[in-house]
Amino acid sequence: MLWPNEAACEAFAQSFANALCAGTESINASIELHGQLGAGKTSLVRHLLRALGVEGRIKSPSYAVMESYDVSSTAPRVGEVSHFDFYRFNDPREWEDAGFRDIFAAPGLKLSEWPEKASGVLPPADLQIWLDVGANDSRSVRLIAGSAWGQQMLQALRTSP
């Protein structure tokens, strides 16, 4: 798919939030966000968090590595969203030392930027989102499902308006 502008990214995030909120089972999923610096990974996460009902400042986890958001009042099926940015990792073992294994094992949605910096320790992604910068600041977007849940999300996104 192609996002010609920021509004297209925001519309995708809204459709994705709608797909996440549909159904009754609690979510326990991991989504990897791939792309070069400036590709729009953090922008996508911000739009998604807004669409899930997060108000106020949404900080990039570049320095803290992780920011968490409780969306249980606006998106009960999602519950907790953990946004990771592994860009500053020098060794994948830092993931283990930080105690992230417990977070990934718990229910909720895990969004990981720069997952390759934690390769070998991150659990397999349910969904990968690949962003590439194109002409006129457009974004080429590729979604790859890694689980049955990921396939369900792809199907929901294909049928969303």
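In this report, we go over the structure that sits alongside the text.

What counts, and at which threshold
- All residue numbers refer to positions counted from 1 along the written sequence of the respective chain.
- Thresholds applied to this predicted model are a pLDDT of at least 70 for local features of residues and 80 or more for the giving and counting of side-chain atom pairs; totals over whole chains, interfaces and linings are not thresholded and use all residues.
- Side-chain metrics in this entry use all non-hydrogen atoms of the structure; hydrogen atoms and water are not considered.
- A pair of strands is considered paired only if DSSP assigns at least 2 bridges between the two.
- Helical segments are the DSSP runs of H or I of at least four residues, strand segments are the runs of E of at least two, and each set is numbered from the N terminus.
- Contacts: residue pairs with any heavy atoms within 4.5 Å of one another.
- To obtain an axis, a line is fitted to C-alpha atoms, over the contacting stretch when the element is a helix, and the angle between two such axes runs from 0 to 180 degrees between their N-to-C directions.
- Working definition: a ring pair exists when centres of Phe, Tyr or Trp rings (six-membered ring for Trp) sit within 6.5 Å. Plane angles under 30 degrees give stacked, over 60 give edge-to-face, the rest tilted.
- For every residue, the accessible area obtained with a 1.4 Å probe (protein chains only) is divided by the maximum for its type, and the residue is called buried under 20%, exposed over 50%, and partly exposed between those limits.
- The criterion is that NZ of a Lys, or CZ of an Arg, lies within 6 Å of the ring centre and within 35 degrees of the ring normal, and then a charge sits over that ring.

1. Comments concerning the sheet that holds strand 1 (residues 2-3)
As summarised here, the arrangement of the seven strands in space is 1-7-6-2-5-4-3, forming an open sheet in which the pairing is mixed. The strands lining the two open edges of the sheet, one partner per strand, are strand 1 and strand 3 (66-70). Where strand 3 and strand 4 (residues 80-85) come together, five bridges link them in antiparallel fashion. Counted as the bridge partner of Met-66 is Phe-84 from strand 4. Along the sheet face, helix 2 (residues 41-51) touches strand 1, strand 2 (28-34), strand 3, strand 4, strand 5 (108-113) and strand 6 (127-133) and points at about 160° away from the line of strand 5.

2. Quick notes on the packing of aromatic side chains
Taken as a whole, this structure holds eight aromatic pairs when the rule is applied. The interplanar angle of 15° and the centroid separation of 5.5 Å between the aromatic rings of Phe-84 and Phe-86 together place this pair among those described as stacked. Judged by its relative accessible area of 0%, Phe-84 falls in the buried class. Among the aromatic side chains, those forming a connected cluster through ring pairs are Phe-84, Phe-86, Phe-89, Phe-100 and Phe-104. In this arrangement the basic side chain of Lys-117 is found over the ring face of Tyr-87, its NZ or CZ atom lying 5.4 Å from the centre.

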